[in-house]
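# An overview of the molecular structure
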Amino acid sequence: MAQVKNILFIMCDQLRQDHLSCYGHPHLQTPHLDALAARGVIFDRAYVQSPYCGPSRMSYYTGRYVHSHGASWNFVPLKAGEMTIGDHLRPLGVRSVLVGKTHMRSDLAGMSRLGIDPDSQIGVRIAECGFDPYERDDGIHPYSGHDPDPTYSNWLREHGFGGDNPWEAWTNSTVDDEGRTRSGWFLKYSNRAARIPDEFSETPYITGRAMDFIREAGEQPWCLHLSFIKPHWPYIVPEPYASMYTADDALPVKRSQEERRDPHPVYGAMMNHRVSRTFSKDGVRETVMPGYMGLIKQIDDQMGRLFTFLEERGLMETTMIVFTSDHGDYLGDHWMGEKDLFHEQVVRVPLIVVDPDPRADVTRGTRCRALVEAIDHAATFLDVYGGPPVPHILDGRSLRPFLFGEQPADWRTAVISEYDYSFQDSRVELGTKPRDAWLRMIFDGRWKYVLAEGYRPMLFDLQTDPDEFADIGASEAPEHVQARQRLHEALFHWARQPRQRVTIPDGTIESIEVQPRIAEGGILIGYWDEDDLAQARQHFKPRFASRNPLVKSTLDRLTTTQGEPHDA
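Residues numbered from 1 in each chain as written. Predicted model: local features only at pLDDT ≥ 70, side-chain atom pairs only at ≥ 80, totals over all residues. Heavy atoms only, no water.

### Digging into the overall build of the protein chain
Our working rule: Helix numbering and strand numbering both begin at the N terminus, where a helix is a DSSP run of H or I of at least 4 residues and a strand a DSSP run of E of at least 2. Within these notes, the globule rule equals 2.2 Å times the number of residues to the 0.38 power, and the radius of gyration is based on C-alpha atoms. Exposed residues in this analysis have more than 50% of their type's maximum accessible area, buried residues have under 20%, and partly exposed residues fall in between, with area computed by a 1.4 Å probe over protein chains only. The protein chains shown are the only cover counted for residues, whose accessible areas, like all others here, come from Shrake-Rupley with a 1.4 Å probe.
When helices and strands are tallied, the protein chain shows 21 helices and 17 strands. Against the 2.2 N^0.38 benchmark of 24 Å for 568 residues, the protein chain shows a C-alpha radius of gyration of 27 Å, consistent with a compact globule. Seen through its C-alpha atoms, the protein chain measures out along the principal axes to roughly 100 × 65 × 50 Å. A total of 568 residues make up the protein chain; the buried ones form 56% of that total. Accessible surface, the protein chain as shown: approximately 24,000 Å² in total, 51% of it carbon and sulfur.

Dropping the structure here:
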């Protein structure tokens, strides 16, 4: 039976689930991803562990909830010592390699405390979420005063696109009707073409770098994390994509005036973020959507290029392909921009998985309605390479049973997402202490409950209100009260689960008799006298000799008395 040799783990940044044709978009056709889906499984209900880039990605990479790994926002480093996909796969002989974005902040303080050189192999892996970076490109902020990702910019210079910051000057800029260069960071210019030719823009470049790695990879199995910067803002794309779509091709905006009448305090404060106020203005969404859709179309075309490359090298037959996103984008829905809450547009993401294993033939071209989470990827990859499950470390579970047409026992009945809004203007506006600026969502497939520390909860019934316009978190209707109570207890039960005891597997604990093992070490707790110990000795055998001479003598005497050989 053929086995998976490699894993191609593709992630887009800020790609909404409803913006692929295989997920139902009526105008934005993505034939290459549709073809990928025909070879594998579409997961219809895949959810991320946080609506924000950094914490969401850290959950993907660690297989752990934000509550577990602690990297709760973009500027919060993943602490040194957290195990990641690379840490789980390397002992199995698998290279874990990065091409593209991670949004990781290095835990330099933690490495310093532990005496780890950040430039050493271990230090680099800690700084890169456990991956060996073939090339990291997180994107560039034009007013930061420096170029944090010089490789792409230097490549542009080599091809004649000069300047102090060619990434900004060419890739993220356009030319207005008067011939002036304008930054694509301003939403006003999102429907204009980027200055850079298509083949030199970010998505083709990153795709090419992934192909470079695959050419050089050799025979060792690899897990390649190909992580695109787009369709994350700036929402600007070169031709021919800039002219492919108009505002009429966009999905209708989903927002209701009712949402603005007496909203939940946290939701109201988030609607007051600058990006939300801007996206709520007439004409803004209509300007942005052509660029956003063009970026997605460009990604799909690059997927076609990449898949053809794999086919030509015979790698499709031995490579698992996973395509997903770190979160979605409001784009004006619910009077919001960015990704600050838990509406479906943000926390529900595309997930397509193709497993070349013949056991997956029974599900090719199908859709799965199970509630799955971002944390399931790490467990799935470990399963692919035959690694034993480590549920004391990984919060997620392998998706392979679904791929093989099986229903896993005791599969989850709800998904969890968390958001630390400490760093947002909404916390300042509300006067909330950072320790209390947490939102936690639990969704069971119908009811979506959001716990907001210090405020009433939010509740949405997606069966009767699929657009999530009506927050019934304060409703006294018996059905709503019951749903809130049930989901609150389910969330509390989730929060009570131990997630930091990662050094001893549960199976090890279950397989030993704790008190006899303590006694074997010479620690005699609660025994009255030698006879009391002798009776207890009838039920266990010491596995090693005690270092305490007196206890060793007693155990030896008791062993002789009981007629049992001493097991050293």
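### Notes on the sheet that holds strand β3 (residues 46-47)
Put simply, the rule is: Note on pairing: DSSP must find at least two bridges between two strands before they are called paired.
Pairing in this open sheet of three strands is mixed, and the strands run β10-β3-β13 from one edge to the other. Looking at strand neighbours, the two that pair on one side only are β10 (348-349) and β13 (372-373), the edges of this open sheet. When β3 meets β13, the two strands line up parallel, connected through two bridges. Within β13, the residue paired with Ala-46 across the bridge is Val-372.

### Regarding the packing of helix α1 (residues 31-39) against helix α12 (residues 284-312)
Going by this rule: Each axis is a line fitted through C-alpha atoms, and for a helix only the stretch in contact is used; angles between axes span 0 to 180 degrees, taken between their N-to-C directions. Geometric relationships in this document are graded by angle, where less than 35 degrees denotes roughly parallel, more than 145 denotes roughly antiparallel, 65 to 115 denotes roughly perpendicular, and other angles denote oblique. Working rule for contacts: check all heavy atoms of both residues, and any pair within 4.5 Å makes them a contact. Three classes are used: nonpolar for Ala, Val, Leu, Ile, Met, Phe, Trp, Tyr, Cys and Pro, charged for Asp, Glu, Lys and Arg, and polar for all others, with Gly counted as polar.
Direction vectors running N to C along α1 and α12 enclose 55°, while the axes themselves pass 7 Å from each other. Relative to α12, α1 is oriented oblique. Contact residues: α1 offers Pro-31, His-32, Leu-33 and Leu-36, while α12 offers Lys-297, Asp-300, Asp-301, Met-303, Gly-304 and Phe-307. Each residue belonging to the contact of α1 with α12 can be placed in one class, and the counts come to five nonpolar, two polar and three charged.

### As for the packing of aromatic side chains
The following threshold applies: Geometry of aromatic contacts follows a simple scheme: Phe, Tyr and Trp rings, the Trp one being its six-membered ring, pair when their centres are within 6.5 Å, and the pair is stacked under 30 degrees between planes, edge-to-face over 60, tilted otherwise.
Overall, the coordinates contain 23 aromatic pairs when judged by the stated rule. Taking 5.6 Å as the distance between ring centres and 15° as the angle between the ring planes, the aromatic pair formed by Tyr-52 and Tyr-419 counts as stacked. With Tyr-52 in the loop between β3 and α2 (53-62) and Tyr-419 in strand β14 (residues 415-420), this residue pair connects regions lying 367 residues apart in the sequence. Comparing Tyr-52 with Tyr-419 shows no difference in burial state: the two are buried. Ring geometry for Tyr-65 and Trp-494: centres 5.3 Å apart, planes at 85°, overall edge-to-face. You can see Tyr-65 sitting in the loop between α2 and α3 (66-69) and its partner Trp-494 sitting in helix α17 (residues 478-496), a full 429 residues away along the chain. A relative accessible area of 7% places Tyr-65 in the buried class.

### Digging into the pattern of salt bridges
Where we set the bar: Criterion for a salt bridge: a side-chain nitrogen of Lys or Arg within 4 Å of a carboxyl oxygen of Asp or Glu.
Evaluated as defined, the whole model comprises 43 salt bridges. For the salt bridge of Lys-5 with Glu-219, the shortest nitrogen-to-oxygen distance reads 3.2 Å. Of this pair, Lys-5 sits in the segment before β1 (6-13) while Glu-219 sits in the loop between α9 (202-216) and β8 (222-231), and the two are 214 residues apart along the sequence. A relative accessible area of 67% means that Glu-219 is categorised as exposed. Put simply, Asp-13 and Lys-101 hold a salt bridge, and the shortest N to O gap is 2.5 Å. Of the two residues, Asp-13 sits in strand β1 while Lys-101 sits in the loop between β4 (95-100) and α5 (108-114), which places them 88 residues apart along the sequence.

### A few points about the nonpolar core
The line we're drawing: Nonpolar core, defined: a set of buried Ala, Val, Leu, Ile, Met, Phe, Trp, Tyr and Cys residues in which side-chain atoms within 4.5 Å join the residues together.
Counting residues in hydrophobic clusters, the biggest one holds 72 residues, and the most contacted among them are Ile-7, Phe-9, Phe-43, Met-320, Leu-341, Phe-381 and Leu-439. Take this core: its biggest share by element is five residues, from helix α14 (residues 376-384). Every residue in contact with Phe-381, bar those within four places of it in the chain, is listed here: Ile-7, Phe-9, Ile-85, Leu-89, Cys-223, Met-320 and Val-322.

### A short note on the sheet that holds strand β17 (residues 458-461)
Strand order in the open sheet formed by four strands is β14-β15-β16-β17, with antiparallel pairing between adjacent strands. Edge positions in the sheet fall to β14 and β17, since each has one partner strand and no second. Pairs of neighbouring strands in the sheet enclose a mean axial angle of 15°, with direction left out of account. α17 rests against β14, β15 (438-443), β16 (447-452) and β17 of the sheet, and its axis sits at about 65° to β16.

### A short note on the pairing of β17
The alternating pattern of β17 places Met-458 and Phe-460 and Leu-459 and Asp-461 on opposite faces, both of which are buried. By the bridge criterion, four bridges tie β16 to β17 in an arrangement that is antiparallel. Of the residues in β17, the one forming a bridge with Trp-447 is Asp-461.

### Here's the deal with the environment of Arg-209
Residue placement: Arg-209 occurs in helix α9. As for Arg-209 and Val-99, which are separated by 110 residues in sequence, their C-alpha atoms are 6.9 Å apart. Residue contacts for Arg-209: discarding those within four places in its chain leaves Val-99, Tyr-134 and Glu-135.

### Considering the side chain of Thr-432
Counted only if it meets this: What qualifies as a polar contact is a pair of N or O atoms within 3.5 Å, subject to a donor-acceptor requirement within protein and to the restriction that residues adjacent in sequence count only when both atoms come from side chains.
You can see Thr-432 is positioned in the loop between α16 (425-430) and β15. You can call Thr-432 buried: its relative accessible area is 7%. A distance of 3.0 Å separates a polar atom in the side chain of Thr-432 from a polar atom in the side chain of Tyr-455. Apart from the residues lying within four places of it in its own chain, the contact partners of Thr-432 are Tyr-421, Arg-427, Ala-437 and Tyr-455.

### Regarding the packing of α9 against α12
Each packed pair of helices is defined by two parameters, the angle between the axes and the distance between the axes. Spelled out, the test is: Two helices that cross are described as forming a left-handed crossing if the nearer one is turned anticlockwise from the farther one by less than a right angle, and a right-handed crossing if clockwise.
Packing of α9 against α12 leaves a shortest axis separation of 10 Å and a crossing angle of 15°. When the axis of α9 is compared with that of α12, the two are roughly parallel. In the packing of α9 onto α12, the handedness of the crossing is right-handed. Residues Thr-203, Pro-204, Thr-207, Gly-208, Met-211, Ile-214 and Arg-215 of α9 lie in contact with α12, whose contacting residues are Gln-298, Ile-299, Gln-302, Arg-305, Leu-306, Phe-309 and Leu-310. Looking at the contact of α9 with α12 residue by residue, the class counts come to seven nonpolar, five polar and two charged.

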